[in-house]
Amino acid sequence: MTTYVIGDLQGCYQPLKKLLKQVDYQPGQDYLWFVGDIVNRGPESLQCLRFVKQACENQQASMVLGNHDFHLLAAYAGLDKFVSKSDTLSEILQADDVDELMDWLRLQPLMVKHPLYHAVMVHAGIPPQWSIEEALNYAAEVEQHLAANDWQEFLCQHMFGSEPKKWHDGLQGWDRLRYIVNAFARMRYCDASGKLEFKRKMAPEASNDSNEKYQPWFVFDNRRNKDYEIFFGHWSTLGAVDAYQVHATDTGCLWGGKLTAYALEEKRRYTVDCNQQCKPKANA
Ligand SMILES: [Mn+2]
């Protein structure tokens, strides 16, 4: 049995098929971890979503929710103001099985813990001030709301926005839940206390780093979650980082880069080159 951690698909279904063939994936024997952002921008989001749903329902895969998956749920729930021209979600929103797909998607977790190893998966990251146990509990707070009957109102009215930036244990209400969502699904840079910084998206530059307050979330010495290997995606410009007890798996398939499967047991990366088809259409 091998656990393959698969980077952000974003609708790149052909590269996924190629990658699974390359690693000789055996359904029912091997297990797939999808780091989220299954959909959007790429050409075959509907196929990707159906594939991941089927694999999860067959107990052959797990996924975590990424910011684009949240975005899809919000678009379905009627939050048109967050739908942009570069989105390629209409195929899903018009599909016959859209209700079934969305009712399944909203029940997916923000964080998954491996049943056998000290390994977890999130979409973007875990702030330095949270232990693994705390992070799992915080993820569950949000998951409860997404599972409730009024999930659409919860998501559309309370979860979008970039405030608050700072976490403290006494944070309550929507602000608390919004920080949790933003940390798990959007974070790249933060400070040592977990204060979020959303403006920077590029990889850190070697030259100007050491005095900068905001750093990639995983580099801080005081990080309280180093006792587990953390797998994540979301950051396509970061590259294939395997350091600091973390593994970055978004290698930019959507942007003409590669799709990654990290074989957990072998500690080895497999990749396929993306094909031209996956690059977002200029005016899609
Ligand atoms: Mn993302």
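Everything below is about the structure printed above this text.
Described in the following lines is the structure provided in the data block. Worth saying up front: this structure is predicted, and the values here are computed from it rather than measured.

Calculation notes
Residues numbered from 1 in each chain as written. Predicted model: local features only at pLDDT ≥ 70, side-chain atom pairs only at ≥ 80, totals over all residues. Heavy atoms only, no water. Axes fitted to C-alpha atoms, helices over the stretch in contact; angles between N-to-C directions. Helix = DSSP H or I, 4+ residues; strand = E, 2+ residues; numbered from the N terminus. Parallel < 35°, antiparallel > 145°, perpendicular 65-115°, else oblique. Left-handed = near helix turned anticlockwise from the far one by under 90°. Contact = heavy atoms within 4.5 Å. 1 Å grid on protein atoms, 1.4 Å probe; cavity = no way out; pocket = protein on both sides within 12 Å on 5 of 7 lines; lining within 4 Å. Points joined across faces, edges and corners; volume = space filled by probe spheres on them. Nonpolar A, V, L, I, M, F, W, Y, C, P; charged D, E, K, R; others polar. Core = buried A, V, L, I, M, F, W, Y, C linked by side-chain atoms within 4.5 Å. Buried < 20%, exposed > 50% of the residue type's maximum accessible area, 1.4 Å probe, protein only. Disulfide = S-S within 2.5 Å. Pairing = 2+ DSSP bridges. Phe/Tyr/Trp six-rings, centres within 6.5 Å; stacked < 30°, edge-to-face > 60°. Lys NZ or Arg CZ within 6 Å of the ring centre and 35° of its normal. Donors = N, O, S within 2.8 Å, 3.2 Å for Na, K, Ca; no water.

**Notes on the packing of helix α3 (residues 67–76) against helix α5 (residues 98–105)**
Right, on to step 1. Across the interface, α3 lies against α5 with an axial gap of 11 Å and an inter-helix angle of 130°. On the basis of the axis angle, α3 is oblique to α5. As for the relative orientation of α3 and α5, their crossing is left-handed in sense. Only V98, D99, M102 and L105 of α5 make contact with α3, whose side of the interface consists of D69, L72, L73 and Y76.

**Some thoughts on the layout of surface pockets**
Right, on to step 1. Size it by volume and the largest pocket reaches roughly 750 Å³.
Right, on to step 2. Lining the largest pocket we find 31 residues, and of these N67, H68, R186, K201 and H234 sit closest to its centre.
Right, on to step 3. Top contributing element to the lining of the largest pocket by residue count: α3, with four residues.
Right, on to step 4. Tallied by class, residues from the lining of the largest pocket come to 11 nonpolar, 12 polar and eight charged.

**Focus on the nonpolar core**
Right, on to step 1. The biggest cluster of nonpolar side chains holds 90 residues, and the ones touching the most others in it are I6, F34, L49, M111, I126, W130 and F184.
Right, on to step 2. Every residue in contact with W130, bar those within four places of it in the chain, is listed here: A135, Y138, W167, Y179, I180, A183, F184, R224 and N225.
Right, on to step 3. V35, V64, V112 and L264 belong to the second-largest nonpolar core, a separate cluster that totals 10 residues.

**Quick word on the state of the cysteines**
Right, on to step 1. Throughout the structure, instances matching the rule amount to zero disulfides.
Right, on to step 2. You can see C274 has no disulfide; the closest cysteine sulfur is in C253, sitting 3.5 Å from it.
Right, on to step 3. Among the residues examined, C274 registers a relative accessible area of 13% and is labelled buried.

**Comments concerning the sheet that holds strand β10 (residues 242–243)**
Right, on to step 1. The sheet built from five strands is open, its strands ordered β4-β5-β9-β11-β10 with mixed pairing. Of all the strands in the sheet, just β4 (111–113) and β10 have a single pairing partner and so form its edges.
Right, on to step 2. Pairing of β4 with strand β5 (residues 119–122) involves three bridges; the strand directions are antiparallel. Its bridge partner being in β5, V112 is matched across the sheet by M121.
Right, on to step 3. Running over the sheet, helix α6 (residues 132–147) touches β4, β5 and β9 (229–232) and is turned about 130° from β4.

**Quick look at the packing of aromatic side chains**
Right, on to step 1. Counted by the stated rule, this structure contains 17 aromatic pairs.
Right, on to step 2. Aromatic pair F154 and W174: ring centres 5.9 Å apart, planes at 50°, arrangement tilted. Taken together, the positions of F154 in helix α7 (residues 151–158) and W174 in helix α8 (residues 173–185) put the pair 20 residues apart, joining distant regions of the chain.
Right, on to step 3. The lysine or arginine in question, R186, covers the ring of F198, its NZ or CZ lying 4.0 Å from the ring centre.
Right, on to step 4. The ring of Y189 has R200 sitting right over it, with the charged end atom 4.1 Å from the ring centre.

**Notes on the coordination of the manganese ion**
Right, on to step 1. The coordination sphere of the manganese ion, as far as protein atoms go, consists of D37 (OD), N67 (OD1), H123 (NE2) and H234 (ND1), spread over 2.1 to 2.2 Å.
Right, on to step 2. Considered as a linear motif, the donors of the manganese ion on their single chain read D-x29-N-x55-H-x110-H. In this pair, D37 is assigned in the loop between β2 (31–34) and α2 (45–57) and H123 in the loop between β5 and α6, connecting sequence segments 86 residues apart. Grouping residues by exposure puts D37 and H123 together as buried.

**Looking at the sheet that holds strand β8 (residues 215–216)**
Right, on to step 1. What the three strands build is an open sheet, ordered β7-β6-β8; its pairing is antiparallel. Across the chains shown, the open sheet's two edge strands, defined by having one partner strand only, are β7 (196–197) and β8.
Right, on to step 2. Across two bridges, the pairing between strand β6 (residues 189–190) and β8 is antiparallel. Pairing of Y189 across the sheet is with P216, part of β8.

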